[in-house]
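What follows is each chain in one-letter form.
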2 protein chains.
Amino acid sequence: MTGIHYSGLLRKLVSLGFGEKKVDVIDHHTSEIEKLSEEIEEERERVLKDPKSIMPAAFVSFKTRWGAAVCAQTQQSRNPTLWLTEWAPEPRDVYWENLAIPYMSLSVRRLIIGVAFFFLTIFFMIPIASVQALASIEGIEKRAPFLKPVIEIKFIKSVIQGFLPGIALKLFLIFLPTILMIMSKFEGFLSISSLERRSATRYYIFLIINVFFGSILTGAAFEQLNSFIKQSANEIPKTIGVAVPLKATFFITYIMVDGWAGIAGEVLMLKPLILYHLKNIFLVKTEKDREEAMDPGSLGFNTGEPRIQLYFLLGLVYATVTPFLLPFIIIFFAFAYVVFRHQIINVYNQEYESGAAFWPDVHGRVITALVISQLALLGLMSTKEAAQSAPFLIALPVLTIWFHRFCQGRHKSAFVKYPLQEAMMKDTLERARDPNFNLKPYLQDAYIHPVFKGGDDDDEDDDLSKKLETDSVLVPTKRQSRKNTPAPSRISKASSPSLSEVVKDGDP
Amino acid sequence: MTGIHYSGLLRKLVSLGFGEKKVDVIDHHTSEIEKLSEEIEEERERVLKDPKSIMPAAFVSFKTRWGAAVCAQTQQSRNPTLWLTEWAPEPRDVYWENLAIPYMSLSVRRLIIGVAFFFLTIFFMIPIASVQALASIEGIEKRAPFLKPVIEIKFIKSVIQGFLPGIALKLFLIFLPTILMIMSKFEGFLSISSLERRSATRYYIFLIINVFFGSILTGAAFEQLNSFIKQSANEIPKTIGVAVPLKATFFITYIMVDGWAGIAGEVLMLKPLILYHLKNIFLVKTEKDREEAMDPGSLGFNTGEPRIQLYFLLGLVYATVTPFLLPFIIIFFAFAYVVFRHQIINVYNQEYESGAAFWPDVHGRVITALVISQLALLGLMSTKEAAQSAPFLIALPVLTIWFHRFCQGRHKSAFVKYPLQEAMMKDTLERARDPNFNLKPYLQDAYIHPVFKGGDDDDEDDDLSKKLETDSVLVPTKRQSRKNTPAPSRISKASSPSLSEVVKDGDP
């Protein structure tokens, strides 16, 4: 595959120079490809022999599910930072750059990112406000006096005054998920799915603090923090509780502008549409190129899920205070259900399957929203005539948190562990049904670094994975099977979690 | 053993009546013992056959340490509440009553006890204050007017005024560890060691809130809570920080009266001494009885450790503020080291060995103390001239908590898990050194309920356990080996954690 890519690029470059001699060009390309292929092979050999390229991490495949389950759930060596075993993500899901970070470095990174995220959330308004000040009429006139005649034109002036400050904020908010993703990558997670999970959590916290509390209490997060620190623990729920009903109309507008319009934008897929047409005009040369340009990417869990959760929070908070807001939320969720169902089945090519590993996070956020709504209600009640009975409402968050812990004990292991009973049952069943079944040819190439993936192996892989894929398709779909991912098999869905392990050998 | 106990009791009763006819009495006793032994056997048979007596919990022994380690660390069935496996405590350490509590009931119990402990800690002064009001001169005269002439005597009056209120508080504080222990038992822990660990945690929280904060802020816990709720988060460290240096003299007195005197009382062992002499006068008939009366019990981790931690907290808090307090703390710790070392080696018969499972709790409490001292310092600094630099001190608790999490990741598994590498190494070593070693005869009786322990098996058990015990004694000790515990072996120390598992089968 890498070879084919290179050839596409070369044909364009060379044909600019030698456009006339048609046969010669193809010959030239063929020899060029051969030369490059040889170079690639040499480079691969070099890397394989280079002791510096050996990572202290490995993927281990087991003959039985039972063996894998035992290895993933137990501690191997006396030093728990030396031989860390955990379930391997799918081959497609592996984030190769982070495989070999030692434990000490991981801890320090986590601390740094934790502190950085705190400052990002609380003080993000400060740089934006300064940019906005710079982007105002006076700011521009002061910094660049030669622009004065242009700015004084009425149309441009109104654009600057009306749009620039908003655009500065919007630009930051557009780049926020990317910033959060970079933070998660720096933190050293091993799979794309866990990177997205962590980014989603951070994004949700950011939305709660800056959108929910930011709108209710009107003020930047650091001003809120300042006022919260100076307020008594008793007063905080009251402040929030009293402000909540006052902001109902604002949030109704917000649901319509951001929620409904966002869903409409989701089904329109404006960004991929524009990108496709741009690519179609400037880059696409072959049918294959066009197919690649059509790729809509995968559903962005790290931005979509926290946003939907924000509406869930709004629904819970306003359910008892201003039920008039609920129909708007219900319409949003009905739209979202229809649209996302369609998008997931027919449009997106999901990059990975993580076996519902996202669900515990979702559950935790629903509980958070519930507790916030209960505290806001408590605050509101204590300022009304029901002030006497308000303290009894404290039982609500206590019971909610207890319920969360109960659910964690009862259900969380289903997302984290793989019970031995199940593993044994599946092993026995497989041995009885298909005694000659051999996964080795598939596993041999499944977990090799994308750099070492030869173009020639792809077809064999595809055969096996397609066979497995057809077994697991439950909903008829219009989208094409994905051909351009490093390892497009869906074996892990058929026998999720996958049969392999990451054995990580970091420094203490 | 049960048989022997009965005989001792019977001999006394019968000899009161038939003291003269000596031979007949012994005959009578022998037949009586036989009759009772038969009854015991019958009762045992009945219980064994009774389907209602079957508990949904079992101890499983494994042939290899590896098997036990795998079973203890993995999840067995799909429903994580149905087949719960964990390391079995030592046979001596098992708390039999709690073995078969279903998961749902456990969760509810935990919630109830959590709420109860909150109220116990915060509002414990209210019932005591009312008792104190009742125990005052006026209270007694009002409730029991006929006592008036007695109370009016000057000596009795001064006793009531001076001692009764203090005694009411002291009585509660003496019974507090027992109350906390009952709470832990209700919560459903499986071993005596974990019961003591939980009680110790609760006792520490109680001491911090009611002794440390209670003395610093002078007021009952619920009054403090009230003032904290009404104070801003900013003000709380300031209030504490300012009050800390003012109370230094009080705490110096406290260290001398409670700390030094407590250590002296520990080496005197007044309570066991008095109890022994009382028993010696009224109960002791044989040498065996006397030996039993001499038993000093085991070191009370659930009260001793939290108290020592309180002095650690005092030392940390006052180290920067009033270093004059430190020599008193150092003398306390020097005394405590000498005394407790002596007591542990020569006096106490420890009931169980938990393999240092207490240490993570101790570490956590040291960290808590460190964070409290840093916050108090932060509060104090922000009221002095250094107010500008005070916010930078927030980095201290952040770094401390990060260090705690780092340590947990690096070291906690050593107390919770049993690495497979180690297990395999020990298995291999044992097989090579002693290929015919058979634990079965020991294990057969190790984990049976004390009710089923026959008196005749004890000697065999003792042989094996004594052999193992002599292997593991490191410090020469003056105390006698313990003969009267249900299963006095120390095998778990030799190969800790023990080779067995609790398999718990609760309802979902």
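Residues numbered from 1 in each chain as written. Chains lettered and ligands numbered in written order. Predicted model: local features only at pLDDT ≥ 70, side-chain atom pairs only at ≥ 80, totals over all residues. Heavy atoms only, no water.

- In the annotation of an unreviewed UniProt entry, chain A is listed under the name protein OSCA1 and assigned to Salix purpurea.

## Remarks on the overall build of chain A
Phase 1 of the analysis: If you tally the helices and strands in chain A, you get 22 helices and 3 strands.
Phase 2 of the analysis: Across chain A, every contact between residues at least 6 apart in sequence was considered, and the portion connecting residues at least 24 apart equals 80%.
Phase 3 of the analysis: Carbon and sulfur atoms provide 66% of the accessible area of chain A, an area that totals close to 28,800 Å². (Helix = DSSP H or I, 4+ residues; strand = E, 2+ residues; numbered from the N terminus. Contact = heavy atoms within 4.5 Å. Areas by Shrake-Rupley, 256 points an atom, 1.4 Å probe, with all protein chains shown as cover.)

## Quick look at the environment of V47 of chain B
All names here are of chain B.
Phase 1 of the analysis: Note on placement: V47 falls in helix α2 (residues 22-49).
Phase 2 of the analysis: For the pair formed by V47 and F452, sequence separation is 405 residues and the distance between their alpha carbons is 9.9 Å.
Phase 3 of the analysis: Those residues in contact with V47 that sit more than four places away from it in its chain are S53 and F452.

## As for the confidence of the model for chain A
All names here are of chain A.
Phase 1 of the analysis: Taken over all residues, the pLDDT of chain A has a mean of 78, while the share at 70 or more is 81%.
Phase 2 of the analysis: Per-element averaging of pLDDT across chain A places helix α22 (residues 491-494) at the bottom with 36 and helix α16 (residues 326-347) at the top with 91.
Phase 3 of the analysis: Scored below 50 in pLDDT, residues 456-462 makes 6 contacts in the model with residues more than four places away or belonging to other chains.
Phase 4 of the analysis: Taken together, the stretch residues 481-508 has pLDDT below 50 and engages in 107 contacts with residues farther than four places along the chain or on a different chain.
Phase 5 of the analysis: Model confidence for the complex: the whole-complex pTM is 0.80, and ipTM, which rates the interface, is 0.77. (pLDDT = per-residue confidence, 0-100.)

## With respect to the packing of aromatic side chains
Phase 1 of the analysis: Under the counting rule described, the total for this entry stands at 42 aromatic pairs over all chains.
Phase 2 of the analysis: For the pair W87 of chain B and Y418 of chain B, a centre-to-centre distance of 5.6 Å together with 80° between the ring planes defines the contact as edge-to-face. Of the two residues, W87 of chain B is situated in strand β2 (residues 84-87) and Y418 of chain B in the loop between α18 (395-416) and α19 (420-433); the sequence distance between them amounts to 331 residues.
Phase 3 of the analysis: Members of the aromatic cluster, joined through ring pairs, are F212, F213, F250, F251, Y254, Y311, F312, Y318, F332 and F333 of chain A.
Phase 4 of the analysis: For the cation-ring pair, R109 of chain A lies above F186 of chain A, with the distance from its terminal atom to the ring centre recorded as 4.9 Å. (Phe/Tyr/Trp six-rings, centres within 6.5 Å; stacked < 30°, edge-to-face > 60°. Lys NZ or Arg CZ within 6 Å of the ring centre and 35° of its normal.)

## Looking at helix α18 (residues 395-416) of chain A
Phase 1 of the analysis: Compared with an ideal rise of 1.5 Å per residue, which puts 22 residues at 32 Å, α18 of chain A spans 31 Å between its outermost C-alpha atoms and is within 8% of the ideal.
Phase 2 of the analysis: When the local axis directions of α18 of chain A are compared, the greatest deviation, roughly 45°, occurs at R410 of chain A.
Phase 3 of the analysis: Listed in full, the buried residues belonging to α18 of chain A are P397, T400, W402, H404, F406, C407, R410 and S413 of chain A.
Phase 4 of the analysis: For α18 of chain A, the secondary structure elements touched by its buried residues are α17 (359-383) of chain A together with α4 (103-123) of chain B. (Expected span 1.5 Å × (residues − 1). Bend = angle between axes of the 7 residues up to and from the residue. Buried < 20%, exposed > 50% of the residue type's maximum accessible area, 1.4 Å probe, protein only.)

## Side note on the interface of chain B and chain A
For an interface, size is often stated in terms of accessible area lost upon the parts coming together.
Phase 1 of the analysis: On the chain A side, the residues contacting the 38 residues of chain B number 38 residues.
Phase 2 of the analysis: In total, chain B and chain A occlude about 3,300 Å² of area from one another, counting both sides; carbon and sulfur atoms represent 61% of this.
Phase 3 of the analysis: Three residues, Q75, W402 and R410 of chain B, lead the burial of chain B against chain A; their summed loss comes to 17% of the area buried on that side.
Phase 4 of the analysis: Put simply, E422 of chain A and R78 of chain B hold a salt bridge, and the shortest N to O gap is 2.6 Å.
Phase 5 of the analysis: Counting across the interface, chain B meets chain A through 18 residue pairs in polar contact (both at pLDDT 80 or more).
Phase 6 of the analysis: Secondary structure elements with two or more residues in the side of chain B that touches chain A: α3 (65-73), α4, α10 (221-230), α18 and α19 of chain B.
Phase 7 of the analysis: The residue inventory of the side of chain B that touches chain A, partitioned by class, reads 18 nonpolar, 14 polar and 6 charged. (Buried area = accessible area lost by both parts, 1.4 Å probe. Salt bridge = Lys/Arg side-chain N within 4 Å of Asp/Glu carboxyl O. Polar contact = N/O pair within 3.5 Å; in protein donor to acceptor, adjacent residues only side chain to side chain. Nonpolar A, V, L, I, M, F, W, Y, C, P; charged D, E, K, R; others polar.)

## Quick notes on the pattern of salt bridges
Residues and elements named next belong to chain A.
Phase 1 of the analysis: Within the structure shown, the criterion is met by 27 salt bridges over all chains.
Phase 2 of the analysis: Between R92 and E90 there is a salt bridge, with its nearest N and O atoms 3.0 Å apart.
Phase 3 of the analysis: Owing to a relative accessible area of 12%, R92 belongs among the buried residues under this scheme.
Phase 4 of the analysis: Overall, the relative accessible area of 3% leaves E90 in the buried class.
Phase 5 of the analysis: Among the charged side chains, a network of salt bridges with common partners joins R110, E187, R198 and R202.

## Quick word on unusual backbone geometry
Residues other than glycine predominantly adopt negative phi, and peptide bonds predominantly adopt the trans conformation.
Phase 1 of the analysis: Although it is not a glycine, A356 of chain A sits at a positive phi angle of roughly 60°.
Phase 2 of the analysis: In this structure, A356 of chain A sits in the loop between α16 and α17.
Phase 3 of the analysis: The exposure class of A356 of chain A is partly exposed, given its relative accessible area of 47%.
Phase 4 of the analysis: Of note in this structure, M269 of chain B is not a glycine but carries a positive phi near 50°.
Phase 5 of the analysis: The topology assignment puts M269 of chain B in the loop between α12 (248-268) and α13 (270-282).
Phase 6 of the analysis: According to the relative accessible area criterion, M269 of chain B is buried, its value standing at 14%.

## Re the relation of the copies chain B and chain A
Phase 1 of the analysis: With an axial shift of 0.0 Å and an RMSD of 0.2 Å, the rotation relating chain B to chain A amounts to 180°. On the angle and the small slide along the axis, the relation comes out as a two-fold axis. Nearest to the rotation axis, the C-alpha of S232 of chain B is located 1.8 Å from it, this being the minimum over chain B.
Phase 2 of the analysis: Comparing interface residues between copies, 100% of those in chain B also sit at the interface in chain A, which points to an isologous, same-surface contact. (Least-squares fit on C-alpha atoms with pLDDT ≥ 70 in both.)

## What to know about the packing of helix α4 (residues 103-123) of chain A against α18 of chain B
Phase 1 of the analysis: Following both chains from N to C, one finds α4 of chain A and α18 of chain B inclined at 145°, their axes separated by 11 Å at the closest point. Crossing handedness for the pair α4 of chain A and α18 of chain B: right-handed. Contacts between α4 of chain A and α18 of chain B involve Y103, M104, S107, V108 and L111 of chain A from the first element and V398, L399, W402, R405, F406, G409 and R410 of chain B from the second.
Phase 2 of the analysis: The class makeup of the residues in the contact of α4 of chain A with α18 of chain B is 8 nonpolar, 2 polar and 2 charged. (Axes fitted to C-alpha atoms, helices over the stretch in contact; angles between N-to-C directions. Left-handed = near helix turned anticlockwise from the far one by under 90°.)

## Some thoughts on the side chain of E266 of chain B
All names here are of chain B.
Phase 1 of the analysis: Within the secondary structure, E266 sits in helix α12.
Phase 2 of the analysis: Buried within the structure, E266 lacks any salt-bridge partner; its nearest side chain of opposite charge belongs to R307, at an N-O separation of 6.9 Å.
Phase 3 of the analysis: Beyond its immediate sequence surroundings of up to four residues, E266 is in contact with V339, F340, Q343 and Y348. (Lys, Arg positive; Asp, Glu negative; His and termini not counted.)

## With respect to the state of the cysteines
Phase 1 of the analysis: Going through the model one piece at a time under the given rule, you end up with 0 disulfides over all chains.
Phase 2 of the analysis: There is no disulfide at C71 of chain A, and the cysteine sulfur nearest it, in C71 of chain B, is 17 Å away.
Phase 3 of the analysis: Taking relative accessible area as the criterion, C71 of chain B reaches 14% and is therefore assigned buried. (Disulfide = S-S within 2.5 Å.)

## As for the packing of helix α9 (residues 192-217) of chain B against helix α17 (residues 359-383) of chain B
All names here are of chain B.
Phase 1 of the analysis: Close contact between α9 and α17 brings their axes to 11 Å; oriented N to C, the two are set at 15°. Taken together, the axes of α9 and α17 lie roughly parallel to each other. Read as a crossing pair, α9 and α17 show a hand that is right-handed. Touching R197, A200, T201, Y204, I208, F212 and F213 of α9 are D361, R365, A369 and I372, all from α17.
Phase 2 of the analysis: In the contact of α9 with α17, the residues fall into 7 nonpolar, 1 polar and 3 charged. (Parallel < 35°, antiparallel > 145°, perpendicular 65-115°, else oblique.)

## Brief notes about the environment of S107 of chain A
Phase 1 of the analysis: With respect to the helices and strands, S107 of chain A occurs in helix α4.
Phase 2 of the analysis: Residues S107 of chain A and L310 of chain A, 203 residues apart in the sequence, show an inter-C-alpha distance of 30 Å.
Phase 3 of the analysis: If sequence neighbours within four positions are ignored, S107 of chain A has contacts with W402 and F406 of chain B.

## Topic: a nonpolar patch on the surface
All names here are of chain A.
Phase 1 of the analysis: On the surface, a nonpolar cluster with roughly 1,000 Å² of combined accessible area is contributed by V267, L268, L270, L273, I274, L275, L278, I281, F282 and L283.
Phase 2 of the analysis: Taken together, the elements giving at least two residues each to the nonpolar patch come down to α12 (248-268) and α13 (270-282).
Phase 3 of the analysis: At 7 residues, the largest contribution of residues to the nonpolar patch is made by α13.
Phase 4 of the analysis: Examined against the element boundaries, I274 turns out to sit in helix α13. (Patch = residues over 30% accessible without salt bridge, like charges linked within 9 Å, V, L, I, M, F, W, Y side chains within 5 Å.)

## Examining a negative patch on the surface
Phase 1 of the analysis: Side chains of E34, E38, E39, E42 and E45 of chain A sit close together on the surface and give a patch of like negative charge.
Phase 2 of the analysis: Relative to the helices and strands, E34 of chain A resides in helix α2 (residues 22-49). (Charge placed at Lys NZ, Arg CZ, Asp CG, Glu CD.)

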